[in-house]
Amino acid sequence: MAAKTINITLKIWRQKNNKTKGSLETYKLDNVSTDSSFLEMLDQLNEQLINEQKDPVAFDHDCREGICGMCSLYINGRAHGPDTGTTTCQLHMRMFNDGDTIYVEPWRSVAFPIVKDLVVDRSSFDRIQQAGGFVSVNTSGRTMDANAIPIPKADADKAFEAAACIGCGACVATCKNGSAMLFVGAKVSQYALLPQGKVEAKDRVLNMVRQMDEEGFGNCTNTGACEVECPKGISIENIARMNREFLKASLTSEK
Amino acid sequence: MSNSALIKSSIAKKYWMALTGLFLCTFLVGHLLGNLQLIMKTGEEGRRAFNEYAYFMGHNIFIKVLSYVTYASILFHAVDGIMLTIQNKKARPVNYAYSNPSANSSLPSRWMAVLGTLILVFIATHMANFWWKMKIKEDVPLHTYKIESEQQIPALAQQTFYYTHVPTIQPLPKDENSIMEKGTELFIKGSNIKIGEGYRDLHTVVIQFFSKSNSSALFGVLFYTISMIVLGFHLWHGFASAFQSLGVNHAKWNPLIKALGKGFAVIVPLLFAIIPILIYLKS
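Residues numbered from 1 in each chain as written. Chains lettered and ligands numbered in written order. Predicted model: local features only at pLDDT ≥ 70, side-chain atom pairs only at ≥ 80, totals over all residues. Heavy atoms only, no water.

### Notes on the packing of helix H2 (residues 10–40) of chain B against helix H4 (residues 61–90) of chain B
Residues and elements named next belong to chain B. At a minimum axis separation of 9 Å, H2 and H4 run at an interaxial angle of 140 degrees. The orientation of H2 with respect to H4, classified from their angle, is oblique. For the pair H2 and H4, the crossing hand works out as left-handed. Residues Lys13, Lys14, Trp16, Met17, Thr20, Gly21, Phe23, Leu24 and Phe27 of H2 form the contact with H4, whose own contacting residues are Leu66, Val69, Thr70, Ser73, Ile74, Phe76, His77, Asp80, Gly81, Met83, Leu84 and Gln87. Tallied by class, the residues present in the contact of H2 with H4 amount to eleven nonpolar, seven polar and three charged. (Axes fitted to C-alpha atoms, helices over the stretch in contact; angles between N-to-C directions. Helix = DSSP H or I, 4+ residues; strand = E, 2+ residues; numbered from the N terminus. Parallel < 35°, antiparallel > 145°, perpendicular 65-115°, else oblique. Left-handed = near helix turned anticlockwise from the far one by under 90°. Contact = heavy atoms within 4.5 Å. Nonpolar A, V, L, I, M, F, W, Y, C, P; charged D, E, K, R; others polar.)

Rendered as structure tokens:
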């Protein structure tokens, strides 16, 4: 299919830093190849802005192949844009039409403060991970054979599906409550399903949920929006598992 | 930590929402079964059946305990819901300029707080109209069914002295303070002379409320019906959502829970709404 070009209008959130108020600015961008990714389109806009001696738009990106979890953007009212199962870097301009007006906003959450323009600080996710999203292992060098512990295939698959979470924050961004429960549910689940993770399961879920609440994320109301917008298709089954784990741990933990 | 976690944490709040919500679903079924007696039997028989039911609900100790759990559940569900909503609003201080939530979630799921508030308003008016009259003001007239020695003096049986509804076998003092109520039985104070038996006539209060003779009945029926539609939307999301909050999400059971929830959300409010509509149309 021959590449075609479209002309678009962009309404992009510009904000100098966390202290100042931001606003939506309008930009016109012509000759955008429909084969370009959304981020390449923003690169094109930034080149134009630099040529006009203007401040380029700051946005997060890294691997540009949908695995690092750096890119974000709330595009036309949806996290990672209109395509399903993709991150913004995998979103292509062929999803848009000539003459479209495209709204681009940062993730909106009290726990994701804006750094600049479209860049938000997602270190709250790191702190939740640090509160319990790990398995303690000794590093004596006597590493156990990974296949020595039998694990049912179904459990391994579910753990793997949960572990597919790249921590991009789309769940928080799309949730009307700004809840991080899909992220935390996935992180809790990936360990809770495996024998290695069960050792610290109680402390893990209690500590991660406590950290999640302290960061100011909202409460889940089971709208299911997160699993629809999650670029990795993580199911809210993981939230239910976290709810079970939390109940078990709350009732039986001695802490 | 675990002690406070079961009350304060975001997940625990969801457990309480789910538990009180599901309990209130069972309450709806009980309430509905009672209400259906308003249309299942007609005439004197229906009047008696409903009034006996209302008496039972007001006097059975088990039901009494349940009723306090119900009041507590409604209050807790509402307060917890308001707290959750306030926290959720705080979690996103700046809203999106452009949002397209219909692409990823159902309308009722996003409007639970508003729907719940409307239901609370309905419950307040509903209780003011019926519960308040029955339980607090106690000005629902008695309706008697059985007259001692009625055969001997049938003419007197038609006489009404007490609350204008109770026929008695002997002339009674007009002063109602000299009549003693003991459950459904009426006695002359200080004696064992039983003068009649009756139930508070909630049936007539309800029928009159929704009858065309009452000028505001049409408004009442409409308000009731709209409230039931709101309840239906609330349940459409709430029923299955409660199971998810409690951690019940299983490939084997999800289709059943979802089907039950949607069936419940349609059938229960529909049956509730049919009752005042029928009363209005028949009057």
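### Some details on unusual backbone geometry
Comment: phi is negative for the bulk of residues other than glycine, and the bulk of peptide bonds are trans. Residues and elements named next belong to chain A. At Asn76, a position not held by glycine, the phi torsion is positive, near 45 degrees. One can find Asn76 in the loop between strand E3 (74–75) and strand E4 (78–79). Not every positive phi belongs to a glycine, and His80 is a case in point at roughly 60 degrees. Tracing the chain through its elements places His80 in the loop between E4 and strand E5 (101–105).

### Some remarks on the pairing of strand E1 (residues 5–14) of chain A
All names here are of chain A. Among the ten residues in E1, seven count as buried, and that is most of the element. In this structure, E1 lies alongside E5, joined through four bridges in parallel fashion. Across the sheet, residue Leu10 finds its bridge partner in E5, namely Ile102. (Buried < 20%, exposed > 50% of the residue type's maximum accessible area, 1.4 Å probe, protein only. Pairing = 2+ DSSP bridges.)

### Notes on the interface of chain A and chain B
How large an interface is tends to be reported as the accessible area lost when its parts come together. Contact with chain A, which involves 51 residues of that partner, is made by 36 residues of chain B. A combined buried area of about 3500 Å² lies between chain A and chain B, and 55% of that area is made up of carbon and sulfur atoms. Per-residue buried area on chain A facing chain B is highest for Arg108, Asn219 and Asn222 of chain A; these three make up 18% of the total on that side. The interface formed by chain A and chain B holds zero salt bridges in total. Between chain A and chain B we count 27 residue pairs in polar contact (both at pLDDT 80 or more) in total. Those elements giving two or more residues to the side of chain A that touches chain B turn out to be E5, helix H4 (170–174), helix H7 (201–214), helix H8 (225–229) and helix H9 (237–252) of chain A. Looking at which element gives the most residues to the side of chain A that touches chain B, the answer is H9 of chain A, with eleven residues. (Buried area = accessible area lost by both parts, 1.4 Å probe. Salt bridge = Lys/Arg side-chain N within 4 Å of Asp/Glu carboxyl O. Polar contact = N/O pair within 3.5 Å; in protein donor to acceptor, adjacent residues only side chain to side chain.)

### Focus on the domain arrangement of chain A
Residue and element names in this part refer to chain A. By the assigned domains, chain A splits into domain 1 (5–105) and domain 2 (123–252). Put simply, the middle of domain 1 and the middle of domain 2, counted by C-alpha atoms, are 30 Å apart. Contacts between the two partners involve 13 residues from domain 1, matched on the other side by eleven residues from domain 2. Carbon and sulfur atoms make up 50% of the area that domain 1 and domain 2 hide from each other, which totals about 870 Å². At the surface where domain 1 touches domain 2, the tally comes to one salt bridge. Between Arg78 and Glu229 there is a salt bridge, with its nearest N and O atoms 2.8 Å apart. Residue composition of the side of domain 1 that touches domain 2, by class: five nonpolar, seven polar and one charged. (Domains from an automatic or database assignment.)

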